[in-house]
Structures are given as C-alpha cells and as structure tokens.
Amino acid sequence: MKAENEQRTGLLYGFGAYGMWGLVPLFWPLLKPSEAVEILAHRMVWSLAFVGVVLLALRRWGWIRELLRQPRKLGLTALAASVISVNWGLYIWAVNHGAVVEASLGYFINPLVTIAIGVLVLGERLRRAQWAAVGIGAAAVLVLAIGYGRPPWISLVLAFSFATYGLIKKKLDMGGVESLAAETALLFLPALGYLLWLGTQGRSTFAAEGPGHSALLAATGLVTAIPLVFFGAAAIRVPLSTLGLLQYMAPVFQFGLGVLYFHEAMPPERWAGFSLVWAALALLTWDALRTARQSRIRLEALRASGSPTAPAHEPA
C-alpha cells in the first residue's frame with residue numbers, strides 16, 4: 001500500500017513538473033518589453049536565490065566542497081551551465097518571437113537526438129525499431145525544412161542543446177537541486193554583471209516598468225526551480241519508463257498553445273512533418289514498453305529459477 005501511495009505521489013509530481021514546463025510559454029510574453037537575454041540573466045540570478053533557500057532549509061552543503069575538489073567535475077558543470085543557457089535563452093526568444101510551435105518540435109525530437117548521441121558518442125547499439133524511429137525523425141526534419149524554406153534551426157538547437165545537457169548530467173551524476181545550484185552559481189556573476197551593465201546603459205526594465213514587472217522577473221527563479229524540484233521528487237518514486245512517457249506532456253502542451261492560443265500557422269507540409277515526428281515517437285514508445293516488458297519477464301524467470309546471473313544480451 002505504501003509503495004502504491006509513493007507511486008501515486010510520484011505521478012502527481014511528474015504531472016506537475018511536465019505540466020508547468022508545458023504551460024511556461026504563457027509566462028514569457030508577460031515579461032515584455034524585456035529582451036530574451038535580460039530575462040535569461042534574471043532567470044539565472046533568481047534561480048540561485050531560490051535554490052539557495054531550498055539548500056539552506058535542507059542543510060545540504062557537503063557536496064560543494066566535494067565538487068570544488070574535482071576540477072573535471074567542476075569543468076563539466078560549467079559546460080552544462082553554458083549549454084543549458086543556450087537552451088533557455090533560445091527558448092525564451094522563440095516564444096516571444098512567435099515560434100512556439102517550432103520550439104515545441106525541439107522537445108518532440110529531443111528523444112530521437114538523445115538516441116543518436118548515444119550511438120555517436122557513447123557507442124550504444126540500437127534495436128531495429130530505434131533505428132527506424134531515428135530514420136523517420138530525420139525524414140521529418142527534411143520535410144519541415146522544405147516547408148519552412150530553411151532548416152528548423154530553433155528546433156534543432158533546442159533538441160541538440162538539451163540532449164547534450166542530458167549527456168553531461170549523466171556523467172556528472174548529481175542531484176537535481178545540487179546541480180541546478182552549481183550551474184546557476186557559475187552563471188550568477190556573469191548574469192549579475194550583465195544586469196548591472198544594462199542598468200548603467202539605461203536599458204534595464206527591472207525598475208523602469210513598475211513593481212509588477214519587477215516581481216515577474218524575480219518569479220523567473222520560481223518558474224525555473226519548482227518544476228525541477230517536482231521532477232526530482234517524481235524521479236525517485238516512479239519508474240524511468242513512466243517518466244519517459246510523461247516527458248511528451250510538455251511539447252504536447254506547447255504545441256497546443258502555439259496552434260490554439262498563439263494562432264501560429266500550420267500549413268499542410270508542417271502537419272506532415274509533425275505527423276512523421278509523432279509516428280517516430282509512437283514507434284520509440286512502443287519499443288521501449290515492449291523491451292521493458294521482456295526484461296521484466298526475463299528477470300522474473302531468473303528469480304523463479306534461482307539463477308544468480310542474467311543471460312547474455314542478444315543483439316536486435
């Protein structure tokens with residue numbers, strides 16, 4: 001019963017995290033006339049403030065000394081911070097420049113890009129269904145490039161930057177709150193310096209647009225950190241396969257907002273490209289669920305037989 005309650009709680013946290021990420025396009029336009037880089041700088045500064053309060057409440061500081069003693073890990077953290085800055089900044093810019101649908105595509109194709117990086121960087125072997133999904137995804141990008149009259153560069157940069165960020169985080173193996181604190185701490189001084197420079201140039205909107213606008217800019221820390229805290233709570237309570245399915249919530253919400261709320265154009269060739277992406281994701285999801293079920297059956301059979309070792313993995 002306790003396990004069921006934990007899993008139910010984890011699902012609620014997961015829905016909360018991906019739901020907030022899916023609805024965040026409604027928030028960024030509220031920050032106009034602030035430009036994307038200024039919003040990004042505020043996001044870095046206020047995220048550190050929020051996470052600092054969380055760490056203070058949890059009294060979780062020992063990891064800082066350990067991180068500072070490992071130059072390689074510190075360097076990877078700095079690289080992760082740089083990559084996620086590109087992702088955050090471009091996403092804010094895309095939403096505030098009428099490209100919500102194209103931004104959502106980036107997160108739809110992110111699982112396919114992650115698989116491709118696994119092959120190219122980590123030397124992972126793909127099953128036939130995974131190869132087929134990646135091939136369909138590549139065809140979708142080609143169709144969309146023809147439709148847009150250019151490569152969907154916003155989608156591609158978002159997908160590759162987030163996939164690269166995931167790869168770095170895999171190597172870092174740090175907790176969600178700790179890693180966000182480390183990344184925002186490394187970005188804090190450059191971000192604060194940029195905001196101060198904007199002030200000296202008379203271009204800062206923080207105080208110029210009234211207290212309501214200032215409060216919204218400060219709220220970027222909450223908008224950044226709360227979904228990550230929810231995600232961390234979900235990750236320790238529900239299976240990874242469940243999280244993998246929940247991740248599609250965010251781009252589905254974003255796509256829906258782009259079409260239904262922001263009224264962005266969706267000509268036939270764009271629908272065709274998105275349909276191919278969705279077909280690739282459906283194939284990928286089916287393969288993941290099938291593989292998880294086969295692994296579970298194999299494990300149960302091993303336990304029933306009392307065998308201490310698992311059988312060798314068979315190539316697809």
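Coordinates for the structure precede this section.
Given the structure is predicted, the values throughout are model-derived calculations rather than measurements.

Participant: What exactly am I supposed to notice about the overall build of the protein here?
Facilitator: The secondary structure content of the protein amounts to 13 helices and zero strands. Listing every helix and strand of the protein by position from the N terminus yields α-α-α-α-α-α-α-α-α-α-α-α-α. For the protein, whose C-alpha radius of gyration is 21 Å, the value lies close to the compact-globule estimate of 20 Å for 316 residues. The dimensions of the protein, computed from C-alpha atoms along their principal axes, are 70 × 55 × 40 Å. Taking all 316 residues of the protein together, the buried fraction comes to 42%. Partitioning the contacts of the protein with sequence separation of at least 6, the portion at a separation of at least 24 is 84%. When the accessible surface of the protein is split by element, carbon and sulfur atoms take 67% of a total near 16,600 Å². A gap of 7 Å separates the mean positions of the 25 positive and 16 negative side-chain charges of the protein.

Participant: Teacher, can you tell me more about the packing of helix 5 (residues 100-122) against helix 13 (residues 268-305) here?
Facilitator: Axis angle and axis distance: for two packed helices, these are the angle between their axes and the distance between the axes, and together they describe the pair. Across the interface, helix 5 lies against helix 13 with an axial gap of 11 Å and an inter-helix angle of 35°. The handedness of the crossing between helix 5 and helix 13 comes out as left-handed. Contacts between helix 5 and helix 13 involve Val101, Ser104, Leu105, Phe108, Ile109, Pro111, Leu112 and Ile115 on the former and, on the latter, Phe274, Val277, Trp278, Ala280, Leu281 and Leu284. Split by residue class, the contact of helix 5 with helix 13 holds 13 nonpolar, one polar and no charged.

Participant: How should a nonpolar patch on the surface be read in this particular structure?
Facilitator: On the surface, Leu23, Leu26, Val252, Phe253 and Tyr261 cluster together to form a nonpolar patch covering roughly 440 Å² of accessible area. Per-element accounting of the nonpolar patch gives the leading share, three residues, to helix 12 (residues 249-261). Relative to the helices and strands, Leu26 resides in the loop between helix 1 (2-23) and helix 2 (36-58).

Participant: Would you explain the packing of aromatic side chains in this entry?
Facilitator: Given two aromatic rings, one states the distance between the centres and the angle between the planes to describe the pair. Summed over the entire model, instances satisfying the criterion amount to 17 aromatic pairs. Judged by centre distance (5.8 Å) and plane angle (70°), the ring pair of Tyr91 and Tyr107 falls under edge-to-face. Taken together, the residues span a long stretch of sequence, with Tyr91 in helix 4 (residues 71-96) and Tyr107 in helix 5 at a distance of 16 residues. Taken individually, Tyr91 and Tyr107 each receive the classification buried, so the pair is uniform in this respect. Note on Tyr261 and Phe262: the rings are 5.0 Å apart at their centroids and 85° apart in plane angle, and the pair reads as edge-to-face. Given a relative accessible area of 52%, Tyr261 falls into the exposed group. Here a set of aromatic residues connected by ring pairs shows up, and it is made of Phe108, Phe255, Trp271, Phe274 and Trp278. Over the aromatic face of Trp88 sits the side chain of Arg43, whose NZ or CZ is 4.2 Å from the ring centroid.

Participant: Explanation requested: the pattern of salt bridges in the structure shown.
Facilitator: Pairs may arise between side chains of opposite charge once their charged atoms sit close together. The full count for this structure, using the stated rule, is three salt bridges. In this structure, Asp287 engages Arg127 in a salt bridge whose closest nitrogen and oxygen atoms are separated by 2.8 Å. Here Arg127 lies in the loop between helix 5 and helix 6 (128-148) and Asp287 lies in helix 13, a separation of 160 residues in the sequence. By relative accessible area, Asp287 is classed as buried at 1%.

Participant: Sorry, what's going on with the side chain of Glu264 here?
Facilitator: The topology assignment puts Glu264 in the loop between helix 12 and helix 13. Only 3.5 Å separates the side chain of Glu264 from the backbone nitrogen of Ala99, close enough to count as a polar contact. When residues no more than four places from it in sequence are discounted, the contact partners of Glu264 are Gly98, Ala99, Val100, Val101, Gly258 and Val259.

Participant: Mind showing me how you'd approach the packing of helix 4 against helix 7 (residues 153-172) here?
Facilitator: Orientation of helix 4 relative to helix 7, taken along the N-to-C sense of each, is 155°, at an axis distance of 9 Å. Here helix 7 runs roughly antiparallel to helix 4, going by the angle between their axes. As helix 4 runs across helix 7, the sense of the crossing is left-handed. Here the residues of the contact of helix 4 with helix 7 are counted per class, giving 18 nonpolar, four polar and two charged.

Participant: Where do I start with the nonpolar core in this structure?
Facilitator: When a protein is soluble and globular, its nonpolar side chains tend to lie buried together. Residues Val51, Leu55, Trp63, Ile168 and Leu172 are the most contacted members of the largest nonpolar core, which totals 27 residues. Residue assignment for this core shows that the elements contributing at least two residues are helix 2, helix 3 (62-68), helix 4, helix 7 and helix 8 (176-200). A total of eight residues in this core trace back to one element, the largest contributor, which is helix 8. Not counting the four nearest positions on each side in its chain, Val51 is found in contact with Val177, Leu180, Ala181 and Ala225. Membership of the second largest hydrophobic core comes to 25 residues, among which are Ile109, Leu112, Ala280 and Leu284.

The rules behind these values
Residues numbered from 1 in each chain as written. Predicted model: local features only at pLDDT ≥ 70, side-chain atom pairs only at ≥ 80, totals over all residues. Heavy atoms only, no water. Helix = DSSP H or I, 4+ residues; strand = E, 2+ residues; numbered from the N terminus. Rg over C-alpha atoms; globule rule 2.2 N^0.38 Å. Buried < 20%, exposed > 50% of the residue type's maximum accessible area, 1.4 Å probe, protein only. Contact = heavy atoms within 4.5 Å. Areas by Shrake-Rupley, 256 points an atom, 1.4 Å probe, with all protein chains shown as cover. Lys, Arg positive; Asp, Glu negative; His and termini not counted. Charge placed at Lys NZ, Arg CZ, Asp CG, Glu CD. Axes fitted to C-alpha atoms, helices over the stretch in contact; angles between N-to-C directions. Left-handed = near helix turned anticlockwise from the far one by under 90°. Nonpolar A, V, L, I, M, F, W, Y, C, P; charged D, E, K, R; others polar. Patch = residues over 30% accessible without salt bridge, like charges linked within 9 Å, V, L, I, M, F, W, Y side chains within 5 Å. Salt bridge = Lys/Arg side-chain N within 4 Å of Asp/Glu carboxyl O. Phe/Tyr/Trp six-rings, centres within 6.5 Å; stacked < 30°, edge-to-face > 60°. Lys NZ or Arg CZ within 6 Å of the ring centre and 35° of its normal. Polar contact = N/O pair within 3.5 Å; in protein donor to acceptor, adjacent residues only side chain to side chain. Parallel < 35°, antiparallel > 145°, perpendicular 65-115°, else oblique. Core = buried A, V, L, I, M, F, W, Y, C linked by side-chain atoms within 4.5 Å.

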